[in-house]
Amino acid sequence: VCSLKKSGTINPDYSRIRIHSFKGVDIPVSCRMCLDPKPCIGACPGSDPIKPVGSILHKDDDTGAILVDVAKCIAKECKNECSRACLARAITFHPNENYPLICDLCGGDPECVKECPENCLEFIAGPADYLYPKYYAYPPEKLSEFLKDSIYYYRGREEEK
Ligand code: SF4
Ligand code: SF4
Ligand code: SF4
C-alpha cells in the first residue's frame, strides 16, 4: 500500500516501509523519527539542520517526518551518506531515479496503518523519545532480538503457570 500511495505502483521496491526478518521474527522498518540532530540530515552534504530552507533533507514542522527535495539530491556523488548514517536502516533508494525513499507519515495520516489487516501498526503522534526511548533507532536485527526474547520469555512464564 505504501508503494501504491507514494509511487502509484504496487511494488515493494518503491515502499518506504520494509520487512526485515531475523531469527523467525519479522520487523517492519520505516523511519523512526530520530531525535535532533537527526543522523540522516547531519550526514547529507546538501542539508543543514539549522537552515532547513534549501536543504535536501529537512524535518516537516507539522509531523516531524523527514522530507526529501528529490530535485536537489545528488545520490550518485555523495555515495548515499544519509542511508549510511541511518542506524535503523530505514532509508532505501528509488530503484530507477536514485533518491532516498523515506517515510513521510503520509502527511500525518499513514496509509499503511489504515490498511494493515492485522492492526499491527499504530500511529502515535508526538516525539518518539517520549514513547520508546529503549528502541530508538536500533537496527532491525536488534529489535527482532528484543522481540524474540520478550516473546519466548513471556511464553516461558505462561508455561510455568
Ligand atoms: S530513522 Fe533514519 S531516516 Fe529516520 S530520522 Fe533517523 S536517521 Fe533519519
Ligand atoms: S542521497 Fe541525497 S539526501 Fe541522501 S545524503 Fe546524498 S544528497 Fe543527501
Ligand atoms: S506512513 Fe505512508 S509513507 Fe510512511 S510507510 Fe506508511 S504508507 Fe509509507
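Structural data are supplied above this passage.
Computed from a predicted model, the values in this text were never measured in an experiment.

Calculation criteria
Residues numbered from 1 in each chain as written. Chains lettered and ligands numbered in written order. Predicted model: local features only at pLDDT ≥ 70, side-chain atom pairs only at ≥ 80, totals over all residues. Heavy atoms only, no water. Near = heavy atom within 4 Å. Helix = DSSP H or I, 4+ residues; strand = E, 2+ residues; numbered from the N terminus. Nonpolar A, V, L, I, M, F, W, Y, C, P; charged D, E, K, R; others polar. Buried < 20%, exposed > 50% of the residue type's maximum accessible area, 1.4 Å probe, protein only. Pairing = 2+ DSSP bridges. Contact = heavy atoms within 4.5 Å.

1. Concerning the site of ligand 3
Working step 1: Taken together, C2, K6, R16, I17, C103, D104, L105, C106, P110, E111 and C112 make up the full set of residues adjacent to ligand 3.
Working step 2: At the level of secondary structure, the elements contributing two or more residues to the shell around ligand 3 comprise α1 (2-7) and α5 (111-115).
Working step 3: Class assignment for the residues of the shell around ligand 3 results in seven nonpolar, no polar and four charged.

2. Some thoughts on the pairing of strand β2 (residues 25-29)
Regular strands show a simple pattern: their side chains alternate between the two faces of the sheet.
Working step 1: Residues V25, I27 and V29 line the buried face of β2, whereas the alternating positions D26 and P28 sit on a face that is not buried.
Working step 2: With antiparallel pairing between neighbouring strands as the criterion, strand β1 (residues 18-22) and β2 make up a hairpin whose turn holds two residues, including K23 at a positive phi of roughly 50 degrees.

3. Considering unusual backbone geometry
Working step 1: Across the junction of D36 and P37, the peptide omega takes the value -5 degrees, indicating a cis bond.
Working step 2: Note on placement: P37 falls in the loop between β2 and α2 (39-43).
Working step 3: Its identity is not glycine, yet N98 carries a phi of approximately 55 degrees, on the positive side.
Working step 4: Tracing the backbone shows N98 in the loop between β5 (92-93) and β6 (100-101).
Working step 5: A relative accessible area of 27% means that N98 is categorised as partly exposed.

4. Brief notes about the pairing of β1
Working step 1: Direction of pairing for β1 relative to β2: antiparallel, over a ladder of five bridges. Bridge pairing in β2 places H20 opposite I27.

5. What to know about the environment of S7
Working step 1: By the secondary structure assignment, S7 is in helix α1.
Working step 2: Between the alpha carbons of S7 and H94 there is a distance of 9.7 Å; along the sequence they are 87 residues apart.
Working step 3: In contact with S7, not counting residues within four places along its chain, are C2, Y14 and R16.

6. A few points about the site of ligand 1
Working step 1: Taken together, C31, R32, C34, P39, C40, I66, C86 and I91 make up the full set of residues adjacent to ligand 1.
Working step 2: Here the residues of the shell around ligand 1 sort into seven nonpolar, no polar and one charged.

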